[in-house]
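Residue-level structure breakdown
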Amino acid sequence: MKATRRSVSIRFAGLAAALALPRWAHAADPIKFGSLLDTSGNFDAYGKPMNMATDLAIDEINRSGGLIGRQIKKSAYDTQSNMAMYTKFAQQLARQDKVDVVIGGILSASREAIRPLLNRERILYVYTPLYEGGVCDGNTFLTGTTPAQQAEVLVPYAVKKWGRKAYILAADYNYGQYMAKWFQKFLAESGAADVGLEFFPLDVSDFNSTIAKIQAAKPDFVISALVGGAHLSFYRQWAAAGMKGKIPLASTTLGVGNEHQVLTAAEGDGILVAYNYSPELQTPANQVFLQAWGKMHGGNTKAINELAVLHYQGIKLWAEGVRKAGSLERAKVISAMASGISIDGPSGKVSIDGPTHHVTLDVHVMEIRGQQLKVLQSFAQRPPRETQAVCNLVETPASSTQFEIKL
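To keep things clear, this report deals only with the structure shown in the data block. Keep in mind that this is a model prediction, so the values were computed, not measured.

The rules behind the values
- Residues numbered from 1 in each chain as written.
- Predicted model: local features only at pLDDT ≥ 70, side-chain atom pairs only at ≥ 80, totals over all residues.
- Heavy atoms only, no water.
- Helix = DSSP H or I, 4+ residues; strand = E, 2+ residues; numbered from the N terminus.
- Rg over C-alpha atoms; globule rule 2.2 N^0.38 Å.
- Contact = heavy atoms within 4.5 Å.
- Areas by Shrake-Rupley, 256 points an atom, 1.4 Å probe, with all protein chains shown as cover.
- Lys, Arg positive; Asp, Glu negative; His and termini not counted.
- Charge placed at Lys NZ, Arg CZ, Asp CG, Glu CD.
- Axes fitted to C-alpha atoms, helices over the stretch in contact; angles between N-to-C directions.
- Left-handed = near helix turned anticlockwise from the far one by under 90°.
- Nonpolar A, V, L, I, M, F, W, Y, C, P; charged D, E, K, R; others polar.
- Phe/Tyr/Trp six-rings, centres within 6.5 Å; stacked < 30°, edge-to-face > 60°.
- Buried < 20%, exposed > 50% of the residue type's maximum accessible area, 1.4 Å probe, protein only.
- Lys NZ or Arg CZ within 6 Å of the ring centre and 35° of its normal.
- Parallel < 35°, antiparallel > 145°, perpendicular 65-115°, else oblique.
- Core = buried A, V, L, I, M, F, W, Y, C linked by side-chain atoms within 4.5 Å.
- Salt bridge = Lys/Arg side-chain N within 4 Å of Asp/Glu carboxyl O.
- Expected span 1.5 Å × (residues − 1).
- Polar contact = N/O pair within 3.5 Å; in protein donor to acceptor, adjacent residues only side chain to side chain.

This paragraph deals with the overall build of the protein chain. Check the secondary structure of the protein chain and you find 15 helices and 16 strands. What you see for the protein chain is a C-alpha radius of gyration of 23 Å, in line with the 22 Å of a compact globule of 407 residues. In terms of its C-alpha atoms, the protein chain occupies a principal-axis envelope of roughly 95 × 45 × 40 Å. In the protein chain, of all internal contacts separated by at least 6 residues, the share reaching a separation of at least 24 is 70%. For the protein chain, the accessible surface area stands at approximately 16,400 Å², while carbon and sulfur atoms represent 52% of it. If you average the places of the 42 positive and of the 35 negative side-chain charges in the protein chain, the two averages end up 7 Å apart.

Our next topic: the packing of helix α2 (residues 44-63) against helix α13 (residues 306-325). Each pair of packed helices can be described by the angle between their axes along with the distance between the axes. The contact between α2 and α13 brings their axes to 8 Å, and the two run at 30°. As α2 packs across α13, the resulting crossing turns out to be right-handed. Facing Y46, P49, M50, A53, T54, L56, A57, E60 and I61 of α2, the residues of α13 in contact are L307, A308, H311, Y312, I315, K316, A319 and R323. Looking at the contact of α2 with α13 residue by residue, the class counts come to 12 nonpolar, 2 polar and 3 charged.

With the rule as written, the count across this model stands at 15 aromatic pairs. Seen from their ring centres, Y173 and Y175 are 6.4 Å apart, and the 35° between their planes marks the pair as tilted. Using a relative accessible area of 12% as the deciding quantity, one classes Y173 as buried. Take Y175: its relative accessible area is 3%, and that puts it in the buried class. Note on F234 and W238: the rings are 5.5 Å apart at their centroids and 35° apart in plane angle, and the pair reads as tilted. Residue F234 and its partner W238 are both found in helix α9 (residues 233-240); the two are separated by 4 residues, about one turn of the helix. Judged on exposure class, the residue F234 and its partner W238 are both buried. Following the ring pairs from residue to residue traces out a cluster consisting of F200, F207, F234, Y235 and W238. Over the aromatic face of Y127 sits the side chain of R111, whose NZ or CZ is 4.9 Å from the ring centroid.

On to the side chain of N258, then. When you line up the elements, N258 lands in the loop between β10 (249-251) and α10 (259-262). When neighbours within four sequence positions are excluded, N258 is seen to be in contact with K302, A303, I304 and N305.

One can describe the packing of helix α5 (residues 151-162) onto helix α6 (residues 174-189) by two numbers: an axis separation of 9 Å at closest approach and a directional angle of 50°. The pairing of α5 with α6 is recorded here as oblique in orientation. Relative to α6, α5 is oriented so that their crossing is right-handed. On the side of α5, the interface is formed by A151, E152, V155 and V159, while α6 contributes M179, F183, F186, L187 and E189.

A few words on the nonpolar core. Membership of the largest hydrophobic core comes to 121 residues, with the highest contact counts inside it found for L36, F234, Y235, W238, W293, W318 and M337. Contacts of M337, omitting those with residues within four sequence positions, involve L124, V126, F141, L317, W318, G321 and I352.

Taken as a whole, this structure holds 17 salt bridges when the rule is applied. Note that R115 is salt-bridged to E112, the shortest N-O span being 2.7 Å. Of the two residues, R115 and E112 both sit in helix α4 (residues 108-121), 3 residues apart, roughly one turn of that helix. Relative accessible area serves as the criterion here: at 23%, E112 is assigned to the partly exposed category. Notably, a salt bridge pairs K185 with E189, separated by 2.8 Å at the nearest N-O pair. With K185 and E189 both in helix α6, this residue pair falls 4 residues apart, about one helical turn. The class of E189 is partly exposed, set by a relative accessible area of 48%. Counted as one network, the salt bridges with shared partners bring together R111, E112, R115, E132 and D137.

The subject of this paragraph is α13. Look at α13: 29 Å from first C-alpha to last across 20 residues, which is about the 28 Å you get at 1.5 Å a residue. The buried fraction of α13 amounts to 16 of the 20 residues, a majority that puts the element mostly inside the structure. The opening residue of α13, the one whose side-chain oxygen lies 3.2 Å from the backbone nitrogen of L307, is N305. Immediately downstream of α13, the backbone of G326 shows phi near 65°, a positive value.

Here it is in structure tokens:
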């Protein structure tokens, strides 16, 4: 069939109009979702479940009709537990894949490797794990727990339960160094103090000399911010040395990657932790989440951990921001998210605190028992109080720093 001059003109006019539209305006184009996670290497116990959570969240959003009439397409890279890979693949997401958002990073070091780059590239960034606090960045949302939400309830609980002398163990990078200071602050506020403090590189796995030092110091308890597979050796060596029944343990990290399922009950039982989520939470939202996860991942609900749920909730908060904005334009999505949006996630209500780009959420003190996280006491809707003291993005929207909070 021959096209008429009028029909050809209409086609060219339509094509010109389409080309004039910005990239995000093409309804048929997928939303480009950038993911950077360690799904291999020393931190894959964190990254693999977080990747599973990513797939579940995206699948649920797409099945419900997508966002602003568009489906989400994931562009994912395995950063291989290597900080240099974060920079490499963040550049690829920004400059080649041209993603609309990046949601990823596990260690604080990985966040700080890519956060400045994404600021320069003007790509919205969401960081979901628990962390040491203090980031104040108009382009970044941090949807995990902070020290005033987690350690501030765990430390007093441990002091009241066990005594006033603590020995601090922490990973030797920014998370562990900051957390050690927070431990000292919350110990002091509880009328307690540390009688020892040690930092360990992430590849250290021999803790025998440290155990001897702890025995000599005779603390009432040990509090740990150790991180990763190598550091898991401490808990095994502690139990093997016969110390578990003599000096109790608390941690702000053990269990976030399901380490309590790797340890035997004899090695893990009785250790205190404080997190936003436990699979044992008996709420309708958590039951729906567990069923959806099991259906998508072959019934493997044992893979679910704290970091996976925080990641799932962070993605859902971003999606809610896109819905409210009615757009993928970065400034509009930031404004919508900062307006105080909330979701009812597997862990309960999670709301964004607009001036800090952090969240208000529930925290539970829990005890590891029989490779499960048993809730002992719950603290509802705790705000990111310590970050609120130093960050106000309403007044300084261009801020892109991490404050070292005065303790």
